[in-house]
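Chain by chain, the residues:
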Amino acid sequence: MGVSVFEYNAQFHNVMRVTHAMYRACNTSAPLATYTTGNDSITIKTRRHHFFFCGVPGHCQIGQKVDINVLRSDQMAQTPSSVPSTPVPSAKVPGSSTSNAFSLKSPFGSIGLAVLAMFLINLEALLC
């Protein structure tokens, strides 16, 4: 399918791949995988929802989470044309400097990034 790249300051963040239930509850107790380099390439091989969040206490609760939904090719035509193309702009964390930014780049273009765009818009609203 493709590779998603999470770029962030590893001193302040990480990325956890989780189940839908864990995603909804911001439950960090048993992630499917944890990434900590600050420049993590994650291969996505299936068409479905893939759930990720920052596992640092409180970060998921303030919206640092993303649901990447990889659609079937017949669903791609239904994706809104107003979805931003990659790379997606960084989202700043409250009280942090620009170097603490957390961003996601995806080879899927508009596929699955509608949710990410909403995540970034909602996070920006929280920060303002």
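Quantities reported herein were computed from a predicted structural model and do not represent experimental measurements. (Residues numbered from 1 in each chain as written. Predicted model: local features only at pLDDT ≥ 70, side-chain atom pairs only at ≥ 80, totals over all residues. Heavy atoms only, no water.)

Student: Is there a simple way to explain the state of the cysteines in this structure?
Tutor: Here, the word disulfide means a covalent bond between the sulfur atoms of two cysteines. By the definition in use, this model includes one disulfide. Across the disulfide from C26 sits C60; the S-S distance is 2.1 Å. Measuring the twist about the S-S bond at about -70°, one finds the C26-C60 disulfide to be left-handed. You can see C26 sitting in the loop between α1 (20-25) and β3 (33-35) and its partner C60 sitting in the loop between β5 (49-53) and β6 (65-69), a full 34 residues away along the chain. Grouping residues by exposure puts C26 and C60 together as buried. Unpaired in this structure, C54 has its nearest cysteine sulfur neighbour in C60, at a distance of 8.6 Å. (Disulfide = S-S within 2.5 Å. Helix = DSSP H or I, 4+ residues; strand = E, 2+ residues; numbered from the N terminus. Buried < 20%, exposed > 50% of the residue type's maximum accessible area, 1.4 Å probe, protein only.)

Student: What's the story with the confidence of the model for the protein chain in this structure? I'm lost.
Tutor: It should be kept in mind that the predicted coordinates are not to be read in detail where pLDDT is low. The pLDDT averaged across the protein chain works out to 72; a share of 56% of its residues lies at or above 70. When mean pLDDT is taken per element in the protein chain, α1 scores highest with 98 and helix α3 (residues 113-127) scores lowest with 42. This model gives residues 81-102 a pLDDT under 50, and the stretch forms 48 contacts once residues within four places in sequence are excluded. Below a pLDDT of 50 lies the segment residues 106-128, which in the model reaches 45 contacts outside its immediate sequence neighbourhood of four places, other chains included. (pLDDT = per-residue confidence, 0-100. Contact = heavy atoms within 4.5 Å.)

Student: Help me out: how do you make sense of the environment of N69 in this one?
Tutor: Mapped onto the fold, N69 is located in strand β6. Separated by 18 residues in the primary sequence, N69 and F51 have C-alpha atoms spaced 8.6 Å apart. There is a polar contact of 3.5 Å between the side chain of N69 and the side chain of H49. (Polar contact = N/O pair within 3.5 Å; in protein donor to acceptor, adjacent residues only side chain to side chain.)

Student: Looking at this structure, how should I read the sheet that holds β3?
Tutor: Strand pairing in a sheet relies on backbone hydrogen bonds. The paired strands run either parallel or antiparallel. Pairing is antiparallel in the open sheet, where four strands are placed in the order β3-β2-β5-β6. Either end of the sheet is taken by a strand with one partner, and the two such strands are β3 and β6. The sheet shows a mean angle of 25° between the axes of neighbouring strands, taken without regard to direction. Summarising the sheet, strand β2 (residues 15-18) and β5 pair through three bridges and their orientation is antiparallel. Looking at the pairing, R17 lines up with F52 of β5. (Pairing = 2+ DSSP bridges. Axes fitted to C-alpha atoms, helices over the stretch in contact; angles between N-to-C directions.)

Student: Mind showing me how you'd approach the pairing of β6 here?
Tutor: For β6, the buried fraction is high: five of the five residues fall into the buried class. Side chains of β6 alternate between two faces, with K65, D67 and N69 and V66 and I68 buried alike. Of the pairings in the sheet, the one linking β5 to β6 comprises five bridges and is antiparallel in character. When the bridges of β6 are listed, F52 appears paired with V66.

Student: Help me out: how do you make sense of the nonpolar core in this one?
Tutor: Across soluble globular proteins, you tend to see nonpolar side chains buried next to one another. Ranked by size, the top nonpolar core spans nine residues in total: F6, Y8, V15, I42, I44, F52, V66, I68 and V70. Elements with a minimum of two residues in this core: β1 (2-8), β4 (39-44) and β6. Every residue in contact with F52, bar those within four places of it in the chain, is listed here: F6, V15, M16, R17, Y23, I42, K65, V66 and I68. Listed in part, the eight residues of the second largest apolar core include M16, V18, C26 and C60. (Core = buried A, V, L, I, M, F, W, Y, C linked by side-chain atoms within 4.5 Å.)

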